[in-house]
Amino acid sequence: MNAAQPGILAPVPSHARYLTFELKQGARPQSQLKSLAGIADGRACVVGIGAILAFALQKKIDGLRPFPHYQSEGVSVPSIPAALWCWLRGEDRGEIVLRARTVEKMLAPAFEVAGSIDAFKYGQGLDLTGYEDGTENPKGKKAVGVAIVNDKRAGLGGSSFVAVQQWVHDLDRFASLPQKQQDNAIGRRKHDNKELASAPPSAHVKRTAQENFTPEAFVWRRSMPWADATQAGLVFVAFGRSLDAFEAQLKRMAGTEDGIADALFTFSRPVTGAYYWCPPVRNGRLDLRAIGI
Ligand code: HEM
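Let us look at the structure shown here. Just so we're clear, the structure is a prediction, and the values are computed from it rather than from any experiment.

**Focus: the layout of surface pockets**
Gaps left between atoms show up when a probe the size of a water molecule is rolled over them. Quantified by volume, the largest pocket comes out at close to 640 Å³. What lines the largest pocket is a set of 31 residues, and nearest its centre among them are Asp133, His204, Val205, Thr208 and Arg221. At the level of secondary structure, the elements contributing two or more residues to the lining of the largest pocket comprise strand S7 (160-169), helix H8 (204-207), strand S10 (232-240) and helix H9 (244-253). In terms of residues, the lining of the largest pocket owes the most to one element, H9, which gives four residues. By residue class, the composition of the lining of the largest pocket is 13 nonpolar, 10 polar and eight charged.

This is the structure:
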């Protein structure tokens, strides 16, 4: 689908910064969004529009909705909405820092920075626990079908939906677990990435096995590790032609169906959670016709 923001389907970059923005009180964001569309190519900067922003523009994007929240023994999944999401991607961290400043300044009359997370690629695409992340992502054409909206209407075909959660790991706790228990938490063996048929039902890959949902729940994951001076974890990012597959997985991870929570919650916790709609591109620039721009 050549109308999709190319950064969605591209390999995970070496460096990234995730910016989230809130709408300033009473702001009319049209001209800032027009400027953003002029510089965001969808490759070095993937953009997502939150439901709050669509609402402020008096536009409705079918399928864009509030992020769910769950709370039970040992499980806390917050829903923290934001108006706008920018995933700045690149191979040079300095260049990303400077691009972030440009985007923030450009949006400043209407948008306030609500969050900024620096992320990076670790090894060949590992989580900071040392496990390979992304193995069971769909490949080739299937990835396009899973991640990208197929719609003939102008401004909608080529778009995508994304779920984003910042997870904070307790790496000391994880390191204190015996190797077998670590492998059972993920459901794969760390040293060779082999899936463990004997893993308990709480194992992460048992909870989220994409073909074990009705209908099948495939997502296109593009998560990246993050760290600051005191904390570290994963920015979980899953694109989809709708939000249904992600939501079915999250529900099962939270244990709402059978009372079994995902073992990830024993050493990590999400501190944010939001949905965005990622517009398509036209002539190498964001196509914002669906939100009237
Ligand atoms: C701390 C956060 C998370 C970590 C560290 C993590 C890590 C992993 C790892 C290591 C794998 C195995 C390799 C692979 O297939 O990628 C995996 C698989 C997977 N994860 Fe996660 N994950 C996290 C959160 C989530 C969330 C929130 C979801 C969705 C709600 C999710 C959905 C999936 C799916 C769909 C698979 C593939 C399952 C399959 O079909 O085999 N993950 N994850």
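Still more ground to cover, so stick around.
**Things to note about the site of the ligand**
Taken together, 26 residues lie near the ligand, and Gly134, Glu136, His204, Gln210 and Arg221 sit nearest. For the ligand, an oxygen atom lies 2.5 Å from a polar atom in the backbone of glycine 134. A distance of 2.9 Å is found between an oxygen atom of the ligand and a side-chain nitrogen or oxygen belonging to glutamine 210. When atom positions are compared with the pocket grids, the ligand is found to occupy the largest pocket.

**Remarks on the coordination of the iron atom of the ligand**
Of the protein atoms, His204 (NE2) alone serves as a donor to the iron atom of the ligand, at 2.0 Å. Relative to the helices and strands, histidine 204 resides in helix H8.

**Examining the pattern of salt bridges**
If you walk through the whole model with that rule in mind, you get 13 salt bridges. Here glutamate 247 ties to arginine 65 by a salt bridge, and the two come within 3.1 Å at their closest N and O atoms. Taken as a pair, glutamate 247 in helix H9 and arginine 65 in the loop between helix H3 (51-56) and strand S3 (70-72) lie far apart in primary sequence, 182 residues in all. Owing to a relative accessible area of 21%, glutamate 247 belongs among the partly exposed residues under this scheme.

Thresholds, definitions, all that
Residues numbered from 1 in each chain as written. Predicted model: local features only at pLDDT ≥ 70, side-chain atom pairs only at ≥ 80, totals over all residues. Heavy atoms only, no water. 1 Å grid on protein atoms, 1.4 Å probe; cavity = no way out; pocket = protein on both sides within 12 Å on 5 of 7 lines; lining within 4 Å. Points joined across faces, edges and corners; volume = space filled by probe spheres on them. Helix = DSSP H or I, 4+ residues; strand = E, 2+ residues; numbered from the N terminus. Nonpolar A, V, L, I, M, F, W, Y, C, P; charged D, E, K, R; others polar. Near = heavy atom within 4 Å. Polar contact = N/O pair within 3.5 Å; in protein donor to acceptor, adjacent residues only side chain to side chain. Sits in = over half its atoms within 2 Å of the grid points. Donors = N, O, S within 2.8 Å, 3.2 Å for Na, K, Ca; no water. Salt bridge = Lys/Arg side-chain N within 4 Å of Asp/Glu carboxyl O. Buried < 20%, exposed > 50% of the residue type's maximum accessible area, 1.4 Å probe, protein only.

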